[in-house]
Amino acid sequence: MMSNINIIVDEEIDDFTYFNAETIEAIEETERNLKNSNRKRYSSIQELREALENN
């Protein structure tokens, strides 16, 4: 399932005809997050877990 989501985001779908409002918002949020250079990024699950445990 995750690979399907990656494909959808990578293709930058312009036709949202088949998606409900919640899905459209999630896609748009993902696109905004990918463009935000100030957003913290993690290169591994381990790095993410450590950040979550330390906060």
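The shown structure was predicted, so the numbers you read here are calculated from the model rather than taken from an experiment. (Residues numbered from 1 in each chain as written. Predicted model: local features only at pLDDT ≥ 70, side-chain atom pairs only at ≥ 80, totals over all residues. Heavy atoms only, no water.)

K.L.:
Can you help me understand the overall build of the protein in this one?
P.N.:
Helix and strand counts for the protein stand at 3 helices and 0 strands. Considering the protein as a whole, with its 55 residues, one finds that 9% of them fall into the buried category. Approximately 5,100 Å² of the protein is accessible, and the part contributed by carbon and sulfur atoms is 49%. (Helix = DSSP H or I, 4+ residues; strand = E, 2+ residues; numbered from the N terminus. Buried < 20%, exposed > 50% of the residue type's maximum accessible area, 1.4 Å probe, protein only. Areas by Shrake-Rupley, 256 points an atom, 1.4 Å probe, with all protein chains shown as cover.)

K.L.:
Help me understand helix α2 (residues 21–35) in this model?
P.N.:
Spanning 15 residues, α2 covers 21 Å between terminal C-alpha atoms, matching the ideal 21 Å at 1.5 Å per step. Among the residues of α2, the N-terminal cap falls to N20, whose side-chain oxygen and the backbone nitrogen of E22 are separated by 3.2 Å. (Expected span 1.5 Å × (residues − 1). Polar contact = N/O pair within 3.5 Å; in protein donor to acceptor, adjacent residues only side chain to side chain.)

K.L.:
Even after reading the chapter, I still don't get the confidence of the model for the protein, so can you show me in this structure?
P.N.:
Atom-level detail of predicted coordinates should not be read off regions where pLDDT is low. Residues with a pLDDT of 70 or more make up 73% of the protein, whose mean pLDDT is 81. Averaged pLDDT values for the elements of the protein fall to 55 in helix α1 (residues 2–10) and rise to 94 in helix α3 (residues 45–54). (pLDDT = per-residue confidence, 0-100.)

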